[in-house]
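Report on the structure
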Amino acid sequence: MLTPLLLALTTYVNPIDVNYHVIRGDRYDRHVSPADPEVVRHDGHYWLFASKSDGYFKSDDLAHWTWIRTTDLPTDEWAPTVEEIGGRLHYTARGRTVHRALDLDAGKWETLPVKVDYSADSALFADDGCLYYYWGGDRTRAPLFACELDPLTFHEKARPVQTFEADKARYGWEVRGDDNDQVDGYTYTEGSHMFRRGNRYYFQCAVSGTQFASYADVAFRGASPLGPFKRQRLNPFSCKPTGYIP
């Protein structure tokens, strides 16, 4: 009975078939640079934004993607975040300038006279007319943070709160290193993301550094966008030691 059920499911193959930049690095002979993907559903289509992609991608089925080139966005930055605010997509990367879509199919965006003051793997999240911002991954500030922003000025409305800090004593996957063996080093936390289902808010992030062969994604839930958050029981929700996920 299991085989017919599996055959009925829609399946996808990774990596998805889009054009990647291949760059040379210090550690690996070469690697693809469009990391940190974010997909949003807007205007009946899927839009995929990734690091250093010279543009973004459009799809109707999550399998076939069309690349849209743009010079209006800082696509040479790492870790973009995109959110629908007031019916239009807004983009920022590493907490710098904020851009609003004018014509997505033509790659046309406008730069707003606002700026987000935080950097490193940022994530925007709009909820019931409010706007929230998540960030972290700075080498000198390992924990992750969040705050509410004014949706017009993008200025913080209250002091930031801490959303996550690694607990290496209890969770081995949060210890840095190719074999999660560098107990004395700080854990590199990154990749903040927030979504809502019903009255629950789910915060997720990655540990313990994309430069290591062992990498994992962890998730938390809370009653508000700013927490406090409780670790989900089944963590990490994705993990492949020895180098598949990085």
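Residues numbered from 1 in each chain as written. Predicted model: local features only at pLDDT ≥ 70, side-chain atom pairs only at ≥ 80, totals over all residues. Heavy atoms only, no water.

Here we come to the overall build of the protein. Looking only at helices and strands, one finds one helix and 19 strands in the protein. A fraction of 39% describes how many contacts in the protein between residues 6 or more apart in sequence connect residues 24 or more apart. (Helix = DSSP H or I, 4+ residues; strand = E, 2+ residues; numbered from the N terminus. Contact = heavy atoms within 4.5 Å.)

Another aspect to go through is the sheet that holds strand 7 (residues 80-85). Strand order in this open sheet of four strands is 7-8-9-10, and the pairing throughout is antiparallel. Two strands in the sheet have a free side with no partner beyond their single neighbour: strand 7 and strand 10 (108-115). On average, each strand axis in the sheet is tilted by 30° relative to the strand beside it, whichever way the strands run. Of the pairings in the sheet, the one linking strand 8 (residues 88-93) to strand 9 (residues 97-103) comprises two bridges and is antiparallel in character. Looking at strand 9, one finds that Tyr91 is bridged to His99. (Pairing = 2+ DSSP bridges. Axes fitted to C-alpha atoms, helices over the stretch in contact; angles between N-to-C directions.)

So, about the pattern of salt bridges. In the structure shown here, the tally under the stated rule is seven salt bridges. In this structure, Glu148 and Lys157 form a salt bridge, with 3.7 Å as the shortest nitrogen-oxygen distance. Take Glu148: its relative accessible area is 19%, and that puts it in the buried class. A relative accessible area of 52% places Lys157 in the exposed class. (Salt bridge = Lys/Arg side-chain N within 4 Å of Asp/Glu carboxyl O. Buried < 20%, exposed > 50% of the residue type's maximum accessible area, 1.4 Å probe, protein only.)

So, about the side chain of Ser208. Looking at the secondary structure, you find Ser208 in the loop between strand 16 (200-207) and strand 17 (216-222). A polar atom in the side chain of Ser208 sits 3.2 Å from the backbone oxygen of Val175. (Polar contact = N/O pair within 3.5 Å; in protein donor to acceptor, adjacent residues only side chain to side chain.)

The volume enclosed by the second largest pocket comes to roughly 310 Å³. Every residue lining the second largest pocket is counted, 17 residues in all, and those nearest its centre are Val40, Glu83, Phe125, Met194 and Phe195. A class-by-class count of the residues in the lining of the second largest pocket yields nine nonpolar, two polar and six charged. (1 Å grid on protein atoms, 1.4 Å probe; cavity = no way out; pocket = protein on both sides within 12 Å on 5 of 7 lines; lining within 4 Å. Points joined across faces, edges and corners; volume = space filled by probe spheres on them. Nonpolar A, V, L, I, M, F, W, Y, C, P; charged D, E, K, R; others polar.)

Attention shifts here to the sheet that holds strand 3 (residues 38-42). Here four strands make up an open sheet; going across it, the order is 3-4-5-6 and the pairing antiparallel. Whereas interior strands pair on both sides, the edge strands pair on one side only; in this sheet they are strand 3 and strand 6 (66-69). Here the strands of the sheet are splayed against their neighbours by 30° on average, with no regard to which way each runs. The pairing of strand 4 (residues 45-49) with strand 5 (residues 55-59) spans three bridges and is classified as antiparallel. The partner of Trp47 across the bridge, within strand 5, is Lys58.

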